[in-house]
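Spelled out from the first residue to the last, the chains are:
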Number of protein chains: 2
Amino acid sequence: MSAQIKEPFDRKKQHGNKRLAVIRAAGEAFRRRGYHNSSMTEIAQTLGLTKTALYYYVKSKEEILYECHIMVYDAFDECLLEHMAAAETGLNELSIIFSELVKLLTRDGLSLLTDVSSLSGESQKDVLSRRGVIEARVTNIVERGMADGSIRKGDAQLTVFFFMGALNWLNAWYAPEGRLDGDMIAAEFTAQMRAGIAG
Amino acid sequence: MSAQIKEPFDRKKQHGNKRLAVIRAAGEAFRRRGYHNSSMTEIAQTLGLTKTALYYYVKSKEEILYECHIMVYDAFDECLLEHMAAAETGLNELSIIFSELVKLLTRDGLSLLTDVSSLSGESQKDVLSRRGVIEARVTNIVERGMADGSIRKGDAQLTVFFFMGALNWLNAWYAPEGRLDGDMIAAEFTAQMRAGIAG
DNA sequence: TATAAATTTGACTCAAGAGTCTAATTTTTG
DNA sequence: CAAAAATTAGACTCTTGAGTCAAATTTATA
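Residues numbered from 1 in each chain as written. Chains lettered and ligands numbered in written order. Predicted model: local features only at pLDDT ≥ 70, side-chain atom pairs only at ≥ 80, totals over all residues. Heavy atoms only, no water.

Novice: What am I meant to see in the overall build of chain A here?
Specialist: Tallying secondary structure elements over chain A gives 8 helices and 0 strands in all. Shown N-terminal to C-terminal, the secondary structure of chain A runs as helices and strands in the order α-α-α-α-α-α-α-α. Looking at chain A as a whole, 47% of its 199 residues are labelled buried. Restricting the contact set of chain A to residue pairs at least 6 apart, pairs at least 24 apart contribute 71%. Carbon and sulfur atoms provide 54% of the accessible area of chain A, an area that totals close to 9,800 Å². On chain A, the mean spot of the 24 positive side-chain charges and the mean spot of the 26 negative ones are 5 Å from each other. (Helix = DSSP H or I, 4+ residues; strand = E, 2+ residues; numbered from the N terminus. Buried < 20%, exposed > 50% of the residue type's maximum accessible area, 1.4 Å probe, protein only. Contact = heavy atoms within 4.5 Å. Areas by Shrake-Rupley, 256 points an atom, 1.4 Å probe, with all protein chains shown as cover. Lys, Arg positive; Asp, Glu negative; His and termini not counted. Charge placed at Lys NZ, Arg CZ, Asp CG, Glu CD.)

This is the structure in structure tokens:
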């Protein structure tokens, strides 16, 4: 009887999990070789599947790209919500958040993709708007820091662009098996970001 | 008689100029919509030409992408050569160079593309090696700065990755007609970079 | 003006890859 | 076990866009 409820739930859950695995694998491929240099067939093979199987989990290749973007921004949002207003000064708040974001991006294959142009219409608008909202929130923190004196005065947006570049550039060089591990990168990056803007 | 020498020279020169215009226009398209979202036909139309005309100037689309990359790195090299060892401390030298690089990237449509994966074999190796050499040179300057005490000690490569991100991210947001002009960006970015690493 | 070189065009070929169809197989549930 | 749902596979279609070709036109040179 509990089965009547649990079973279909488990099915959906499994389906969801597999779908997630597909998106993850695709995201990793996109990050390494780029969206257009990764074919659905190749992505499927990575997972030991055939192309058609992929289409059982996703509607289109573009949907995968969309989900990849959204997934990261969801994680970003969560991170912001969790760590916002946890510190006294704007500078401290920003430091915590920045550090967490670096850790996020060096963990479990979440990566900030840059190919937004390959999304069409609504999706593209969506993603850009999500990015915009996040940037705006971060910019607010910076402005708060400028107000409370913890951050040197200047163009807040420009300040944000600078260190957001560091996050986005991570994709280009970071290798999970490389010399530098996530925590170390987070620590050094945060120190550099902090010193760069401290008031 | 002087014509016998000048004429063919002028022809080649004109051909070269047009070729350059093609690469510039394509580079701009690549920067805005990405390599794979820019068709040769569209690029040609931008210049008021037809596709075949393009192939009179370049061998292939990939060659254009290659040239775009090389062109920027040539400019980078020139910038490095011109401004290296012009300052006493590593920090000062780096500041000058960084500022010049920002100005370079906000000038005449030179932009740092990220799509290296769409280059095949040799070209890709070439471009990555060029990038590597430049990064290595910058890293050397940072190490010199760490040695002379002008730059805070730490992992030099990581330090470089951080602010190189700012340069690469420029493409994503910089708009020539926007609120922020090149000189202003260069000034603020350099200040932020400098404060971030000063010893 | 005549010949050769430079430059352009529109119509074509061709390959890659996204997405679909049909049918087979496996798993779940009553 | 039987019926329904979930999942997979291989062969197919169709579009997009890179690159080519043969011929036309323009420009330079003798």
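Read on, since the account is not over.
Novice: Hey, could you run me through helix α5 (residues 90–105) of chain A in this one?
Specialist: Owing to its 3.6 residues per turn, the α-helix aligns residues three or four sequence positions apart on the same side. Relative to the 22 Å expected for 16 residues at 1.5 Å per residue, α5 of chain A spans 22 Å between its end C-alpha atoms, a close match to the ideal helical length. Here α5 of chain A lies mainly inside the structure; 12 of its 16 residues are buried. Looking at α5 of chain A, one finds that the buried residues are G90, L91, E93, L94, S95, I97, F98, S99, L101, V102, L104 and L105 of chain A. Turning to α5 of chain A, the residues buried within the fold contact α4 (61–83), α6 (121–148), α7 (156–173) and α8 (182–197) of chain A together with α7 (156–173) of chain B. (Expected span 1.5 Å × (residues − 1).)

Novice: Before we go on, may I ask you to explain the interface of chain B and chain A in this structure?
Specialist: Size of an interface: often given as the accessible area lost when the parts come together. If you look at the interface, chain B gives 39 residues, while chain A gives 39 residues. Summing the contributions of chain B and of chain A, the shared interface buries around 3,200 Å²; its carbon and sulfur component is 62%. Looking only at chain B, the three residues that lose the most surface to chain A are F162, W169 and Q192 of chain B, adding up to 27% of its buried area. Counting every contact that joins chain B to chain A gives 2 salt bridges. With its nearest N and O atoms 2.6 Å apart, the salt bridge here joins R179 of chain A to D155 of chain B. Linking chain B with chain A are 14 residue pairs in polar contact (both at pLDDT 80 or more). Elements with a minimum of two residues in the side of chain B that touches chain A: α1 (2–33), α6 (121–148), α7 and α8 (182–197) of chain B. Among the elements that make up the side of chain B that touches chain A, the one with the highest residue count is α7 of chain B (12 residues). Residues that form the side of chain B that touches chain A fall into these classes: 17 nonpolar, 13 polar and 9 charged. (Buried area = accessible area lost by both parts, 1.4 Å probe. Salt bridge = Lys/Arg side-chain N within 4 Å of Asp/Glu carboxyl O. Polar contact = N/O pair within 3.5 Å; in protein donor to acceptor, adjacent residues only side chain to side chain. Nonpolar A, V, L, I, M, F, W, Y, C, P; charged D, E, K, R; others polar.)

Novice: Just checking my understanding: could you explain the domain arrangement of chain A for this structure?
Specialist: Residue and element names in this part refer to chain A. For chain A, the assigned domains are domain 1 (10–58) and domain 2 (61–197). Between the C-alpha centres of domain 1 and domain 2 there is a distance of 25 Å. Facing the 14 residues of domain 1 at the interface are 16 residues of domain 2. Buried surface at the junction of domain 1 and domain 2, summed over both partners, amounts to about 1,500 Å²; 64% is from carbon and sulfur atoms. Summed over the three residues of domain 1 that lose the most area to domain 2, namely I23, R31 and Y35, the buried surface amounts to 44% of that side. For the pair domain 1 and domain 2, the interface holds 2 salt bridges. Close ionic contact of R19 with E63 constitutes a salt bridge, the shortest N to O distance being 3.5 Å. Connecting domain 1 to domain 2 are 6 residue pairs in polar contact (both at pLDDT 80 or more). (Domains from an automatic or database assignment.)

Novice: Which parts of the structure should I look at to understand the relation of the copies chain B and chain A?
Specialist: One copy of the chain maps onto the second through a rotation about an axis and a displacement along it. Overlaying chain B on chain A yields an RMSD of 0.0 Å, the required transformation being a rotation through 180° with an accompanying axial translation of 0.0 Å. As the rotation angle and translation indicate, the two copies are arranged about a two-fold axis. In terms of proximity to the rotation axis, the leading residue of chain B is G196 of chain B, whose C-alpha is 1.8 Å off the axis. Most of the interface of chain B is mirrored in chain A, where 100% of its interface residues are also at the interface. (Least-squares fit on C-alpha atoms with pLDDT ≥ 70 in both.)

Novice: Is there a simple way to think about the packing of aromatic side chains in this case?
Specialist: To describe a pair of aromatic rings, one takes the distance between the centres and the angle between the planes. Counted by the stated rule, this structure contains 19 aromatic pairs over all chains. Ring plane angle 85° and centroid distance 5.6 Å describe the contact between Y56 of chain A and Y57 of chain A, whose orientation is recorded as edge-to-face. For Y56 of chain A, a relative accessible area of 59% gives the class exposed. Judged by its relative accessible area of 15%, Y57 of chain A is buried. With a centroid separation of 4.1 Å and 10° between ring planes, the pair formed by F161 of chain A and W173 of chain B is classed as stacked. (Phe/Tyr/Trp six-rings, centres within 6.5 Å; stacked < 30°, edge-to-face > 60°.)

Novice: Hey, could you run me through the environment of E100 of chain A in this one?
Specialist: Relative to the helices and strands, E100 of chain A is located in helix α5. Note: C-alpha distance between E100 of chain A and T190 of chain A (90 residues apart in sequence) is 9.4 Å.

Novice: Would you take a moment to explain the confidence of the model for chain A for this structure?
Specialist: Close reading of the predicted structure is inappropriate where its pLDDT is low. Residues and elements named next belong to chain A. Summing up the model confidence of chain A, the mean pLDDT is 90 and the portion of residues at 70 or higher is 94%. By mean pLDDT, helix α1 (residues 2–33) is the weakest element of chain A at 73, and α8 is the strongest at 97. Overall, residues 1–8 carries pLDDT values under 50, and its contacts beyond four positions in sequence, including any with other chains, amount to 1 contact. (pLDDT = per-residue confidence, 0-100.)

Novice: Just to check I follow, could you spell out α7 of chain B for this structure?
Specialist: Residue and element names in this part refer to chain B. Here α7 contains 18 residues, and its C-alpha end-to-end distance of 27 Å stays within 8% of the 26 Å for a straight helix at 1.5 Å per residue. The element α7 is extensively covered by neighbouring structure, given that 16 of its 18 residues are classed as buried. Between a side-chain oxygen at the N-terminus of α7 and the backbone nitrogen of Q157 the separation is 3.1 Å; the capping residue is D155.

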